[in-house]
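Here are the chains, one letter per residue:
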Amino acid sequence: MSEDVRLVAWVRGQVQGVGFRWFTRARALELGGMSGFALNLADGRVQVVAEGPRERCEGLLEWLRGDDTPGRVDGVTEIWDTPRGGYEGFAIR
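Calculation criteria
- Residue positions within a chain follow its written sequence, with the count starting from 1.
- For this predicted model, a pLDDT threshold of at least 70 governs which residues receive local features, and a threshold of 80 or more governs which side-chain atom pairs are given and counted, while totals over whole chains, interfaces and linings are taken from all residues.
- Water and hydrogen atoms play no part in the side-chain values, which are based on all heavy atoms of the structure.
- UniProt positions are given in the numbering used here, feature names are shortened, and annotations may be inferred rather than shown by experiment.
- Here a helix means four or more residues in a row that DSSP labels H or I, a strand means two or more in a row labelled E, and each is numbered from the N terminus.
- Contact between two residues is taken to exist if any of their heavy atoms lie within 4.5 Å; hydrogens are not considered.
- Buried residues of nine kinds, namely Ala, Val, Leu, Ile, Met, Phe, Trp, Tyr and Cys, make up a nonpolar core once their side-chain atoms join them within 4.5 Å.
- Note on classification: 1.4 Å probe, protein chains only; a residue is buried when its accessible area is under 20% of the maximum for its type, exposed when over 50%, partly exposed between these limits.
- In this analysis, strands are considered paired if DSSP registers two or more bridges between them.
- Lines fitted to C-alpha atoms define the axes here, with helix axes fitted over just the stretch in contact, and angles between the N-to-C directions of these axes take values from 0 to 180 degrees.
- Here a helix's expected span is defined as the number of its residues, less one, multiplied by 1.5 Å.

Draft legend 1. Seen up close, the UniProt feature "domain: Acylphosphatase-like" (unreviewed entry) in the protein chain. In the numbering adopted here, UniProt assigns the feature "domain: Acylphosphatase-like" (unreviewed entry) to residues 6-93. Helix makes up 27% of residues 6-93 and strand makes up 41%, while its end C-alpha atoms are separated by 18 Å.

Dropping the structure here:
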């Protein structure tokens, strides 16, 4: 069994107005076992918070950094932490 973790990722590039948050939620639901959200930030980045098993959060991070995302990802910065809970499913904010 894998430990549960909290992933916070900031995605920069052309990631707003292209369905990025919707596809991020769909990918998180496809991987399963995660809760959290995707949020557009005022500076043009998207913030992704995901809590769940480490291997699933790593899978989401790998997808965020890959070539299969909508728009154009120029880079992803992430931090790992302990889960805080309080999320129902995976939301678009």
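Draft legend 2. Local environment of the UniProt feature "active site" (unreviewed entry) in the protein chain. As annotated by UniProt and renumbered to match this structure, "active site" (unreviewed entry) occupies Arg21 and Asn40. Their sequence span is 20 residues, while the largest C-alpha to C-alpha distance among them is just 7.8 Å; these annotated residues converge on one region. Mapped onto the elements of the fold, Arg21 is located in helix α1 (residues 20-31). With respect to the helices and strands, Asn40 occurs in strand β2 (residues 35-40). Setting aside residues up to four positions removed in sequence, Asn40 forms contacts with Val15, Gln16, Arg21, Arg45, Val46 and Arg93.

Draft legend 3. Examining the nonpolar core more closely. Counting residues in hydrophobic clusters, the biggest one holds 19 residues, and the most contacted among them are Ala9, Val11, Val48, Leu60, Leu64 and Phe90. The set of elements that each furnish at least two residues to this core consists of β1 (4-14), α1, β3 (46-53) and α2 (54-65). Setting aside residues up to four positions removed in sequence, Phe90 forms contacts with Thr24, Arg25, Ala28, Leu29, Ser35, Gly36, Phe37, Ala38, Val48, Val49, Ala50 and Leu60.

Draft legend 4. Structural detail: the sheet that holds β3. Pairing in this open sheet of five strands is mixed, and the strands run β4-β1-β3-β2-β5 from one edge to the other. Looking at which strands have only one partner, the edges of the open sheet turn out to be β4 (72-81) and β5 (90-92). Each strand of the sheet is rotated relative to its neighbour by a mean of 15°, with strand direction disregarded. With nine bridges connecting them, β1 and β4 associate as antiparallel partners. The residue of β4 that forms the bridge with Arg6 is Asp81. Lying on the sheet, α1 is in contact with β1, β2, β3, β4 and β5; it crosses β5 at an angle near 175°.

Draft legend 5. Seen up close, α2. Between its terminal C-alpha atoms α2 stretches 16 Å, which fits the 16 Å expected from 12 residues at 1.5 Å a residue. Tucked into the core, α2 has its buried residues touching β1, α1, β3, β4 and β5.

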